[in-house]
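Observations on the three-dimensional arrangement
If you want the building blocks of each chain, they are given just below.
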Amino acid sequence: MADHTKNAQAYWRANLRLIIISLAIWALVSYGFGILLRPMLAGIPVGGTDLGFWFAQQGSILTFIALIFFYAWRMNKLDKEFGVDEE
Amino acid sequence: MSQFAINLIFVGGSFALYIAIAIWARAGTTKEFYVAGGGVNPVMNGMATAADWMSAASFISMAGLIAAGGYANSTFLMGWTGGYVLLAMLLAPYLRKFGKFTVPDFIGDRFYSTGARLVAVACLIIASVTYVIGQMTGAGVAFSRFLEVSSDMGLIIAAVIVFLYAVMGGMKGITYTQVAQYVVLIIAYTIPAVFISLQLTGNFLPPLGLFSEHTESGMPLLAKLDEIVRELGFRDYTADVDNKLNMVLFTLSLMIGTAGLPHVIIRFFTVPKVADARWSAGWALVFIALLYLTAPAVASMARLNLMNTIYPDGPTADSILHAERPDWMKTWETTGLIKFEDKNGDGRIQVYNDTPAFAATASDRGWNGNELVVNNDILVLANPEIANLPGWVIGLIAAGGLAAALSTAAGLLLAISSAISHDLIKGSLKPDISEKGELLAARISMGVAIIVATWLGMNPPGFAAQTVALAFGIAAASIFPALMMGIFSKRVNNKGAIAGMLAGLISTCVYIFLYLGWFFIPGTATFANTPDNWLFGGTGYGISPLSFGAVGAMINFAVAFTVSALTAPPPVRIQELVESVRFPRGAGQAVDH
């Protein structure tokens, strides 16, 4: 039982860590590159405008997709490693 | 063949498909009615979620909003997609593990309180009903424009179709029709966009065309657009925004509002496993992104096309004569969505930004005010006509717009009816109701919800447009924080959750009412809705009523944690429940209870 609890805690901590890293990237590409940091990226031209505009209208969405698939893949692997998967 | 006949074939054909699916996918049990039996393939569910989520607002209005606002309205693009990251990581897998049928189910059980469940039911119904009004009116407008019936008649046809598959098939029928509706709407959205991108930039992928060279002028497309609108006194299309605090809060409100909308969350109860719920959120966003990556291209290209139509020789030369305007402008003038008034009597159409800063230039050119008002909503619908695309593309757009409105309406109606039959009747009023009785109650609630929605669609309250802000505000400020705390904290108790939800709900509603009118009654607003009146408005960083959902969510979190810390922790069995939703093992399919 003690082992089981320890294992469960480690699994949950690993999940929280993954969520924090993913959400940091989520915030960086949208609120960061897309909005607040746009003036800093103004020097990087992308097709008639700048990188910040690209992140606001394209890049953030593409990053969101990558993040969800990365999270799903990592978590489904963690489920098996910690023996908490459904099968 | 006439355009009317083509539209009829496309719309009629798509409707025949939805009815066939309805007959094939009838629901026999409450489990099939609420969660489609719990065996939906995650990719398929992703597609259904995309149709469920992308409403008339995404399909018809969003590109128009971006065209008008340029970079500033990128908030819609980020806000309406970023919520899926939150759903995938913070809500969907755990709620799927919990394994019941509705959102109030979880809130009621986790916070061991009928009060919490009823507050959740109230939030769900207010958010979903306000949302469904927009879908029904959207369907009515699309019908009246493309099928030459009255808007009310169109609404009734739409209601009958939704009634057929939603009442018969419940979530099962809705799921498979949404898959078909997704296919219709995404084809309808992307085909005209590909044609227009090819015409303007030679690049057949609109998201790349957006950043390519404008073939005619040899300049980058966005630089050309900036140049034209600047000549007419508008802000540059790509210009940065000054009030970044409000831009951040508005985007955040849309994101957490999206993650907190019950009709989206319940879609993740239909997949077989927790792992599938995670994948499914990813697939949903892939299918959503096909439209959302195309929309900004449609927006800028349509604005450029429109400006080039009105100023064929460039913005510094004379504009087009009203008598020589293209046919599509005449068609849309009859709907009242394009209005022209020859203010300076020169027979030409002048479009410019009628502000004091531009007044000198305007009077130099003999202009006496902006003469053309174009409703944002027609941009996508009129796009094929503006770009001179063949008639079948217009028929496709008609079928696509209706698919977007109907799929979202059905999802919302299911969320409303299951909250009534499952949470209100079975969960509170009559817990001993039989399976058959509950299924009948679910069907009756669905029927009543459709009738109410149709009536509201025909008699839209004058405040229909503002209420969308309310739907997102409520989902963001009340539902999302309650769900998240229920999963990620074992310490938040019944009193904390109820106090938090009410604080988030009330603060958000009051802030919206202060600027948009109490209960949206015209003329009752306490303050004029202008940026310098908003909270912190004096600093230039005012918070708009539409952005307040994120603040309401923070208030909810703060109140819930404070009240919980001052009162007794939840009982051990609840802490064990929280523990169990965190681990996928032992999920099984969504269970009856």
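Being a predicted model, the structure only gives us computed values, none of them experimental. (Residues numbered from 1 in each chain as written. Chains lettered and ligands numbered in written order. Predicted model: local features only at pLDDT ≥ 70, side-chain atom pairs only at ≥ 80, totals over all residues.)

What follows deals with the interface of chain B and chain A. With 41 residues of chain B at the interface, the matching set in chain A holds 37 residues. Counting residues per element, the ones that place at least two in the side of chain B that touches chain A are α5 (74–98), α10 (221–231), α11 (244–260) and α13 (274–310) of chain B. Examining the composition of the side of chain B that touches chain A, we find that 12 residues originate from one element, α13 of chain B, more than from any other. For the side of chain B that touches chain A, the class distribution of residues is 28 nonpolar, seven polar and six charged. (Contact = placed C-beta atoms within 7 Å. Helix = DSSP H or I, 4+ residues; strand = E, 2+ residues; numbered from the N terminus. Nonpolar A, V, L, I, M, F, W, Y, C, P; charged D, E, K, R; others polar.)

For any two helices packed against each other, the geometry is given by the interaxial angle and the distance between the axes. All names here are of chain B. Closest axis-to-axis distance for the helix α4 (residues 56–69)/α13 pair is 8 Å, and the angle between their directions is 50°. What the angle tells us is that α4 and α13 run oblique. α4 and α13 meet at a crossing whose hand is right-handed. Each of Ser58, Met62, Ala63, Ile66 and Ala67 in α4 lies in contact with α13, whose residues at this interface are Leu291, Ala295, Pro296, Val298, Ala299, Ser300, Ala302 and Arg303. Of the residues in the contact of α4 with α13, the class split is 10 nonpolar, two polar and one charged. (Axes fitted to C-alpha atoms, helices over the stretch in contact; angles between N-to-C directions. Parallel < 35°, antiparallel > 145°, perpendicular 65-115°, else oblique. Left-handed = near helix turned anticlockwise from the far one by under 90°.)

The next subject is the domain arrangement of chain B. Where interface size is given, it is often the accessible area lost as the parts come together that is meant. Segmenting chain B into domains produces domain 1 (3–305 + 386–467) and domain 2 (338–371). For domain 1 of chain B versus domain 2 of chain B, the separation of C-alpha centres amounts to 38 Å. (Domains from an automatic or database assignment.)

Here we take up the UniProt feature "domain: Sodium symporter small subunit" (unreviewed entry) in chain A. Residues annotated by UniProt as "domain: Sodium symporter small subunit" (unreviewed entry) correspond here to residues 8–85 of chain A. Counting secondary structure, residues 8–85 of chain A comes out at 82% helix and 5% strand; the distance between its end C-alpha atoms is 12 Å. (UniProt positions renumbered as here; feature names shortened; annotations may be inferred.)

Looking at chain B, pLDDT values average 89 and 97% of them are 70 or higher. Predicted as a complex, the structure gets a pTM of 0.93 and an ipTM equal to 0.95. (pLDDT = per-residue confidence, 0-100.)

Our focus in this paragraph is unusual backbone geometry. All names here are of chain B. A positive phi is found at Tyr112, a non-glycine position, where the angle reads about 30°. Its location among the elements puts Tyr112 in the loop between α6 (103–110) and α7 (114–147). Exposure remark for Tyr112: the 16 C-beta atoms within 10 Å place this residue in the partly exposed category. Even without being a glycine, Phe536 presents a positive backbone phi close to 65°. Mapped onto the secondary structure, Phe536 falls in the loop between α20 (494–516) and α21 (548–566). C-beta crowding within 10 Å serves as the criterion here: with 12 such atoms nearby, Phe536 is assigned to the exposed category. (Buried ≥ 20, exposed ≤ 12 C-beta atoms within 10 Å, placed from the backbone.)

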